[in-house]
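Listed below are the residues making up each chain.
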Amino acid sequence: MITLTHFLVVSACIFCIGLYAILAKRNAIMILVGIELMINAAILNFVAFGKYDKLHYGGQIFALFAIVLAAAAVAVGLAIILNVYRHYKTINPDHITDLRD
Amino acid sequence: MEELLFYAFAALAISSALLVVSLKNTARALFLFFVTLFAMAGLFLFALADFVAITQILVYVGGVLILMIFAFMLSNKELLKDLQSTSSRFIAMPNIQSLLLSIAFLALMTYGIIAWQQQTPEWIMQNIKMNQVIQPTDNNISQLGVKFMTYYILPFEVISIFLLMALIGASQLSRKEGDE
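In what follows, the accompanying structure is described. A quick note: this is a predicted structure, and the numbers were derived from the prediction, not measured. (Residues numbered from 1 in each chain as written. Chains lettered and ligands numbered in written order. Predicted model: local features only at pLDDT ≥ 70, side-chain atom pairs only at ≥ 80, totals over all residues. Heavy atoms only, no water.)

### Some thoughts on the side chain of Asn 27 of chain A
Alright, step 1. Mapped onto the elements, Asn 27 of chain A comes out in the loop between α1 (4-24) and α2 (28-50).
Alright, step 2. At a separation of 3.1 Å, a polar atom in the side chain of Asn 27 of chain A contacts the side chain of Thr 26 of chain B. (Helix = DSSP H or I, 4+ residues; strand = E, 2+ residues; numbered from the N terminus. Polar contact = N/O pair within 3.5 Å; in protein donor to acceptor, adjacent residues only side chain to side chain.)

### A look at helix α3 (residues 50-74) of chain B
All names here are of chain B.
Alright, step 1. Here α3 spans 34 Å end to end across 25 residues, near enough to the 36 Å set by a 1.5 Å rise per residue.
Alright, step 2. Tyr 60 marks where α3 bends most, by close to 30°.
Alright, step 3. Along α3, the residues that are buried comprise Val 52, Ala 53, Thr 55, Gln 56, Tyr 60, Val 61, Val 64, Leu 65, Met 68, Ile 69, Ala 71 and Phe 72. (Expected span 1.5 Å × (residues − 1). Bend = angle between axes of the 7 residues up to and from the residue. Buried < 20%, exposed > 50% of the residue type's maximum accessible area, 1.4 Å probe, protein only.)

### So, the nonpolar core
Alright, step 1. Membership of the largest hydrophobic core comes to 73 residues, with the highest contact counts inside it found for Phe 7, Ile 14 and Ile 43 of chain A together with Leu 43, Val 52 and Met 68 of chain B.
Alright, step 2. Secondary structure elements with two or more residues in this core: α1, α2 and α3 (58-88) of chain A together with α1 (2-22), α2 (26-46), α3 and α7 (140-149) of chain B.
Alright, step 3. Counting residues per element, this core draws most heavily on α2 of chain B, which supplies 12 residues. (Core = buried A, V, L, I, M, F, W, Y, C linked by side-chain atoms within 4.5 Å.)

### Thoughts on the packing of aromatic side chains
The relative placement of two aromatic rings is captured by the distance of their centres and the angle of their planes.
Alright, step 1. This structure, assessed with the given rule, holds 13 aromatic pairs over all chains.
Alright, step 2. Centroid distance Phe 62 of chain A to Tyr 152 of chain B: 5.7 Å. Interplanar angle 85°. Geometry classified as edge-to-face. With one member in each of two chains, Phe 62 of chain A in helix α3 and Tyr 152 of chain B in the loop between α7 and α8 (153-173) form a pair that bridges those chains.
Alright, step 3. Overall, the relative accessible area of 33% leaves Phe 62 of chain A in the partly exposed class.
Alright, step 4. Measuring from ring centre to ring centre gives 5.7 Å for Phe 65 of chain A and Phe 148 of chain B, while their planes differ by 65°; the resulting arrangement is edge-to-face. Within this pair, whereas Phe 65 of chain A is found in helix α3, its partner Phe 148 of chain B is found in helix α7, the two belonging to separate chains. (Phe/Tyr/Trp six-rings, centres within 6.5 Å; stacked < 30°, edge-to-face > 60°.)

### Some details on a nonpolar patch on the surface
Alright, step 1. Nonpolar side chains collect at one region of the surface, where Leu 69 of chain A together with Ile 161, Phe 162 and Met 165 of chain B lie side by side and expose about 380 Å² of accessible area between them.
Alright, step 2. The dominant element in the nonpolar patch, judged by the number of residues it contributes, is α8 of chain B, at three residues.
Alright, step 3. Considering the arrangement of structural elements, one finds Phe 162 of chain B in helix α8. (Patch = residues over 30% accessible without salt bridge, like charges linked within 9 Å, V, L, I, M, F, W, Y side chains within 5 Å. Areas by Shrake-Rupley, 256 points an atom, 1.4 Å probe, with all protein chains shown as cover. Salt bridge = Lys/Arg side-chain N within 4 Å of Asp/Glu carboxyl O.)

### Observations regarding the packing of α1 of chain A against helix α5 (residues 96-116) of chain B
Alright, step 1. Contact geometry for α1 of chain A and α5 of chain B: axes closest at 9 Å, N-to-C directions at 160°. Comparing the axis directions of α1 of chain A and α5 of chain B gives the class roughly antiparallel. The interaxial crossing formed by α1 of chain A with α5 of chain B has right-handed handedness. On the side of α1 of chain A, the interface is formed by Leu 4, Thr 5, Leu 8, Val 9, Ala 12, Cys 13, Phe 15, Cys 16, Leu 19, Tyr 20, Leu 23 and Ala 24 of chain A, while α5 of chain B contributes Ser 98, Leu 99, Leu 101, Ser 102, Phe 105, Leu 106, Met 109, Ile 113 and Trp 116 of chain B.
Alright, step 2. Partitioning the contact of α1 of chain A with α5 of chain B into residue classes produces 18 nonpolar, three polar and no charged. (Axes fitted to C-alpha atoms, helices over the stretch in contact; angles between N-to-C directions. Parallel < 35°, antiparallel > 145°, perpendicular 65-115°, else oblique. Left-handed = near helix turned anticlockwise from the far one by under 90°. Contact = heavy atoms within 4.5 Å. Nonpolar A, V, L, I, M, F, W, Y, C, P; charged D, E, K, R; others polar.)

### A look at the interface of chain A and chain B
Alright, step 1. Across the boundary between the two partners, chain A contributes 69 residues, which contact 83 residues of chain B.
Alright, step 2. Counting each side, the surface lost to burial between chain A and chain B is near 7100 Å², with a carbon and sulfur contribution of 78%.
Alright, step 3. Where chain A touches chain B, the interface holds one salt bridge.
Alright, step 4. For the salt bridge of Asp 138 of chain B with Lys 54 of chain A, the shortest nitrogen-to-oxygen distance reads 3.2 Å.
Alright, step 5. Run the count over chain A and chain B and you get 16 residue pairs in polar contact (both at pLDDT 80 or more).
Alright, step 6. Only α1, α2 and α3 of chain A provide two or more residues apiece to the side of chain A that touches chain B.
Alright, step 7. Counting residues per element, the side of chain A that touches chain B draws most heavily on α3 of chain A, at 23 residues.
Alright, step 8. Of the residues that constitute the side of chain A that touches chain B, the class distribution is 53 nonpolar, 10 polar and six charged. (Buried area = accessible area lost by both parts, 1.4 Å probe.)

Rendered as structure tokens:
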């Protein structure tokens, strides 16, 4: 029998791996991957709780919404990263220090 | 059997995610991210969310990851060179502060989950009592379609407009400067 706790522990592990990627990586694309991992952990939680809601299917529907939000975030984020690279010639977030030209 | 498969998928997801964040080569890490996403889709199936699993594969693996790899490979050659670090080690040394912080966060969350385990929320108990739990034999996809078009019509429309806005914004941002 797979209980809710199994899903929660797995998604906590995935979330913390994503957190580590965001904190430790010095490459904007890998930071984006870390954000994706965290969103995926959240989707796993949505789906695991949604199993107990047959009336409105809230968990699964909001999991789908979260997938759409993540796709939009990646599209805009990659466009911004490419622009930043064109301007600064680096994608290390530590070296991108000023907002104006 | 079911537990065995669940543990296999969970181990696959966690270990491949660990490898993704610890590999030095970004191209390798991105390709390995495929495995993580597939394993996560497999985990969704165990929560009886078949449509979400299919959408995960279609949108993430087919869209997001391909977009990342395209952006990675179509961009300048220096981008690739910049990412190769000076040391030739296959796996990057863990950054000790961030490792400490994420392990502490994991411990906190695990403690919270274990403490929470004794008291299941009211609505879950109620739904189990009223037999409102999704069964493996249910027809999820048609139910999801009906709910999208009736109960969740407003969030659905909002997210459609949002997606359109994000796509227009992304294409505007990635336009080359100078061509009017």
